[in-house]
Amino acid sequence: YLGCQRTLIPYNYNMIERDIIIKEESEWGHPGNFFFDFLEDIERENLPRQICFLGCGDGRYVIPASFNGFNCVAIDTDSVALSKLAARIKSCGAQAESVIILNQDFLKYEAPDNYPAVFITAAFHYPLNHDYTLGESVQRINGYVRPGGLLLHEYIHFSERNNDPKSYFTSDKLAYFYKSGWVIIENKVEVFEDGPNPMINIPHILHWGTFYAQKL
């Protein structure tokens, strides 16, 4: 398992394809090298080249995965963002047949299967997801991952959500739900100044969490 042997490796995916992706980039910007490390981890573990993206938005990560030969299941409740994803797939020449787009709430959707890799980024802070405790949310997300599969979860680190103590979101509380049945590869929170984005149009301080684990 990666938790016993993980070493970060340099970005080495097709730079030509990456240039194309940047030209057609998401309104949230292009992915960092860490995401391509994730793709390489999937290959290193000899897992099927398939990723389920929970809260995929306009495809910031879906497009690069598709370009690099991964089959993608892209789930989001935002029909406008999904329309942008479909348009971006067409405009940048990604493999449309390799991307399944689902207009669903990933915390309610009953997936017909689980997946070798699951990626979720910055989805928990949206009000739609405040109806669930952290434990309920984690349980639903974990159900998408098959045994041996990888889960990469990025999140905005909050001390509280919706004034409900059961929904408080911290790295320690997140790790609590992975004490058994998982190997935690990485669990950290970084503080940095982020630039303007579609939600906040000025520079701002961001507490950004990364949780990475493999299901036993």
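Residues numbered from 1 in each chain as written. Predicted model: local features only at pLDDT ≥ 70, side-chain atom pairs only at ≥ 80, totals over all residues. Heavy atoms only, no water.

## So, the environment of Lys188
Tracing the backbone shows Lys188 in strand 6 (residues 182-194). Along the backbone, Lys188 and Ser171 are 17 residues apart, and their C-alpha atoms lie at a distance of 6.8 Å. Once you skip the residues sitting within four places of it in the chain, Lys188 turns out to touch Tyr155, Trp208, Gly209 and Thr210. Reaching out from Lys188, the side chain makes a polar contact with the side chain of Glu186 at a distance of 3.3 Å. (Helix = DSSP H or I, 4+ residues; strand = E, 2+ residues; numbered from the N terminus. Contact = heavy atoms within 4.5 Å. Polar contact = N/O pair within 3.5 Å; in protein donor to acceptor, adjacent residues only side chain to side chain.)

## Details of the nonpolar core
Counting 28 residues, the largest nonpolar core has Phe38, Ile51 and Phe53 as its most contacted members. Per-element tally for this core: the top contributor is helix 3 (residues 33-44), with five residues. Phe38 has contacts with Ile51, Ala117, Val118, Phe119, Leu150, Leu152 and Tyr212, leaving out every residue within four places of it along the chain. Of all hydrophobic cores here, the second largest spans 24 residues; its members include Leu54, Tyr109, Ile120 and Trp182. (Core = buried A, V, L, I, M, F, W, Y, C linked by side-chain atoms within 4.5 Å. Buried < 20%, exposed > 50% of the residue type's maximum accessible area, 1.4 Å probe, protein only.)

## Notes on the pairing of strand 1 (residues 50-54)
Of all five residues in strand 1, four are buried; the element is thus mostly enclosed. In terms of strand pairing, strand 1 meets strand 2 (residues 71-76) through five bridges, oriented parallel. Note that in strand 2 the partner of Gln50 across the bridge is Asn71. Once the chain exits strand 1 it traverses helix 4 (residues 62-67) before rejoining the sheet at strand 2, and the crossover so formed is right-handed. Direction of pairing for strand 1 relative to strand 4 (residues 115-121): parallel, over a ladder of three bridges. The residue of strand 4 that forms the bridge with Leu54 is Ile120. (Pairing = 2+ DSSP bridges. Right-handed = clockwise from strand over helix to strand, strands pointing away.)

## Looking at the environment of Leu107
Residue placement: Leu107 occurs in the loop between strand 3 (99-103) and strand 4. With a relative accessible area of 3%, Leu107 lands in the buried category. Spatially, the C-alpha atoms of Leu107 and Ile141 are 7.1 Å apart, while their sequence positions differ by 34 residues.

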